[in-house]
Amino acid sequence: MTCDGAAEPPPASPRLPFDFPRPDPMTDQTPDVATPVPNYDGPRRILSGIQASGALHLGNYLGALKRFVELQDQGAPVYVFVADMHAITVWQDPAKLTAQTREIAAAYLASGLDPEKAIIFPQSAVRAHAELAWIFNCVARLGWLDRMTQFKEKSGKHKERSSVGLYTYPVLQAADILLYKATEVPVGEDQKQHLELTRDIAAKFNNDFGVPGFFPVPEPIIQGPATRVMSLRDGAAKMSKSDPSDNSRINLTDDADTIASKIKKAKTDPEPLPETLDGLNERPEAKNLVAIYAALAGLTREQVIAQFGGQGFGAFKPALADLAVSSLAPVTAEMRRLMDDPAEIDRVLKAGAERAAEGADPVVDEVKKIVGFWRA
Ligand code: AMP
Ligand code: TRP
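The following paragraphs examine the structure supplied in this document. (Residues numbered from 1 in each chain as written. Chains lettered and ligands numbered in written order. Predicted model: local features only at pLDDT ≥ 70, side-chain atom pairs only at ≥ 80, totals over all residues. Heavy atoms only, no water.)

A word on the overall build of the protein chain. Of the regular secondary structure elements, the protein chain holds 13 helices and 5 strands. For the protein chain, whose C-alpha radius of gyration is 23 Å, the value lies close to the compact-globule estimate of 21 Å for 376 residues. Dimensions along the principal axes, computed over C-alpha positions, put the protein chain at roughly 90 × 45 × 45 Å. Evaluated residue by residue, the protein chain yields a buried proportion of 49% over its 376 residues. When contacts within the protein chain are restricted to residue pairs at least 6 apart in sequence, those whose partners lie at least 24 apart make up 76%. Per element, the accessible surface of the protein chain, about 18,400 Å² overall, is 53% carbon and sulfur. In the protein chain, which carries 42 positive and 50 negative side-chain charges, the distance between the mean positions of the two groups comes to 2 Å. (Helix = DSSP H or I, 4+ residues; strand = E, 2+ residues; numbered from the N terminus. Rg over C-alpha atoms; globule rule 2.2 N^0.38 Å. Buried < 20%, exposed > 50% of the residue type's maximum accessible area, 1.4 Å probe, protein only. Contact = heavy atoms within 4.5 Å. Areas by Shrake-Rupley, 256 points an atom, 1.4 Å probe, with all protein chains shown as cover. Lys, Arg positive; Asp, Glu negative; His and termini not counted. Charge placed at Lys NZ, Arg CZ, Asp CG, Glu CD.)

This is the structure in structure tokens:
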């Protein structure tokens, strides 16, 4: 205000970091990002993460781990991290969290990720994740987060008792992805909505700050026959570590006998397997077992039906049990070996964190400049 009370003219806009025409700022509203312009022209980069919150199961292996390994050999840089900051959005015993972090890292290595090719690191070891997440908290809109179904499921009837972190969880996920300007994110089906939010945040940031193409609008990679592995006890529920029945899932730490017995006990129906894929439509449990077989064997579901159509579960279940045991045994054995050698895991995580920070720090520095934060 001037001394006579009249408002001073607004200061001239500071020079934008890039010379693009700035759209009308409507930054407290949702811009039209339904069809974001994919005008990013940086290199291809692949990124994903798994929470450090206890035992991994067959759903994580087929929906995520196995996919990361397939993508690692395509030549683009692959960033894979242990999401320990996401894990603490629900209570984690501090005495166990470090071991859980090492366990996920062991699973990455045991599944075939090669630390020479993939950058494997703990999320919390790269400070830029937290810094970018805060800025994105100021870009994302409450209305966007209010739509997130995972928060609704996880907070249940007691939303007011959930951590604020659980609510803003997908914003941290967007920071994880965009910090490395990742263009492709392999995940299971349950992460689709979080990827959509990431795309909206990227587009809104680029739009609000007048920096088109600064962040890529990343693509979710949700592919293969097992993007949503279902519970072995209920074909309508997702295989999940939070299911109270251990028979509902195959854990990556289960031994061969346990795996075989869980498959034998898996819920099915009395019909033989159909001759065509359509015949699985109203049979969720049979459909799930066929998808698991296909994913483990590297076949399509059609090929599995061509092989087993007309046969009963008395023949199919033992074949599936043999396949599951022979595919998972080397992974679980290598995981156990690595868990007995925490120093080896720590070497990988430390080197990975350093490489990850080299990529992330310049991006977050540039974001701070774009936002207008003070810099010496
Ligand atoms: P989380 O353990 O929730 O951190 O999940 C790690 C990864 O595994 C994510 O990419 C999930 O989408 C994927 N995932 C988790 N459960 C399943 C499932 N039942 N089927 C397929 N993918 C899954
Ligand atoms: N939210 C993911 C899950 O529960 C884990 C995750 C955190 C992630 N950050 C990510 C996955 C970034 C892909 C990209 O599965």
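The environment of ligand 2 is made up of 14 residues, and the closest members are Gln51, Tyr169, Gln173, Asp176 and Gln191. Interatomic distance of 2.7 Å between a side-chain N/O atom of Tyr169 and a nitrogen atom of ligand 2. One nitrogen or oxygen atom from the side chain of Asp176 is found 2.7 Å from a nitrogen atom belonging to ligand 2. Protein contacts shield 90% of the accessible area of ligand 2, which totals 360 Å² for the unbound molecule. Put simply, ligand 2 lies in the largest pocket. At the level of secondary structure, the elements contributing two or more residues to the shell around ligand 2 comprise strand S1 (46-51), strand S2 (78-83) and helix H7 (164-178). (Near = heavy atom within 4 Å. Polar contact = N/O pair within 3.5 Å; in protein donor to acceptor, adjacent residues only side chain to side chain. 1 Å grid on protein atoms, 1.4 Å probe; cavity = no way out; pocket = protein on both sides within 12 Å on 5 of 7 lines; lining within 4 Å. Sits in = over half its atoms within 2 Å of the grid points.)

Take the pairing of S2 next. Taken across its 6 residues, S2 has 6 buried, putting it largely inside the fold. Side chains Val78, Val80 and Val82 of S2 all project onto a buried face; the interleaved residues Tyr79, Phe81 and Ala83 project onto the opposite face, where all are buried too. In this structure, S1 lies alongside S2, joined through 6 bridges in parallel fashion. Bridging from a neighbouring strand, Gln51 pairs with Ala83 of S2. Taken together, the 5 bridges between S2 and strand S3 (residues 118-122) define a ladder with parallel strand orientation. In the sheet register, Tyr79 faces S3, and the bridge partner there is Ile119. (Pairing = 2+ DSSP bridges.)

It is worth spelling out the side chain of Asp84 at this point. Here Asp84 is to be found in helix H2 (residues 84-87). Here Asp84 sits buried without a salt bridge, and the closest side chain of opposite charge, Arg102, lies 11 Å off (N-O distance). (Salt bridge = Lys/Arg side-chain N within 4 Å of Asp/Glu carboxyl O.)

Turning our eyes to something else, we now look at the site of ligand 1. Not every one of the 18 residues close to ligand 1 is listed here, only the nearest: Gln51, Gly188, Asp190, Val229 and Met239. In this structure, Met239 approaches ligand 1 through a main-chain N or O atom, which is 3.0 Å from a nitrogen atom. Taken by itself ligand 1 offers 480 Å² of open surface, and the protein chains cover 93% of this. Its atoms largely coinciding with the cavity grid, ligand 1 occupies the largest pocket. For the shell around ligand 1, the per-class residue count stands at 6 nonpolar, 8 polar and 4 charged. (Nonpolar A, V, L, I, M, F, W, Y, C, P; charged D, E, K, R; others polar.)

Close contact between helix H1 (residues 58-72) and helix H10 (residues 284-297) brings their axes to 11 Å; oriented N to C, the two are set at 45°. Taken together, the axis directions place H1 and H10 in an arrangement best described as oblique. When the axes of H1 and H10 are compared, the crossing they make is left-handed. On the side of H1, the interface is formed by Leu58, Tyr61, Leu62 and Lys66, while H10 contributes Ile292, Ala295 and Leu296. A per-class count over the contact of H1 with H10 returns 6 nonpolar, no polar and 1 charged. (Axes fitted to C-alpha atoms, helices over the stretch in contact; angles between N-to-C directions. Parallel < 35°, antiparallel > 145°, perpendicular 65-115°, else oblique. Left-handed = near helix turned anticlockwise from the far one by under 90°.)

Going through the model one piece at a time under the given rule, you end up with 16 salt bridges. Between Lys204 and Asp208 there is a salt bridge, and its shortest N-O distance comes to 2.9 Å. One end of the pair is Lys204 and the other is Asp208, both in helix H8 (residues 192-208) and 4 residues apart, which spans about a single turn. Measuring nitrogen to oxygen at the nearest pair gives 2.7 Å for the salt bridge that ties Asp269 to Arg283. Of this pair, Asp269 sits in the loop between helix H9 (256-265) and H10 while Arg283 sits in the loop between H9 and H10; the two residues are 14 residues apart in sequence, bridging distant segments of the chain. Its relative accessible area of 12% is what places Arg283 among the buried residues. A network of salt bridges, in which partner residues are shared, links Asp246, Arg249, Asp254 and Lys262.

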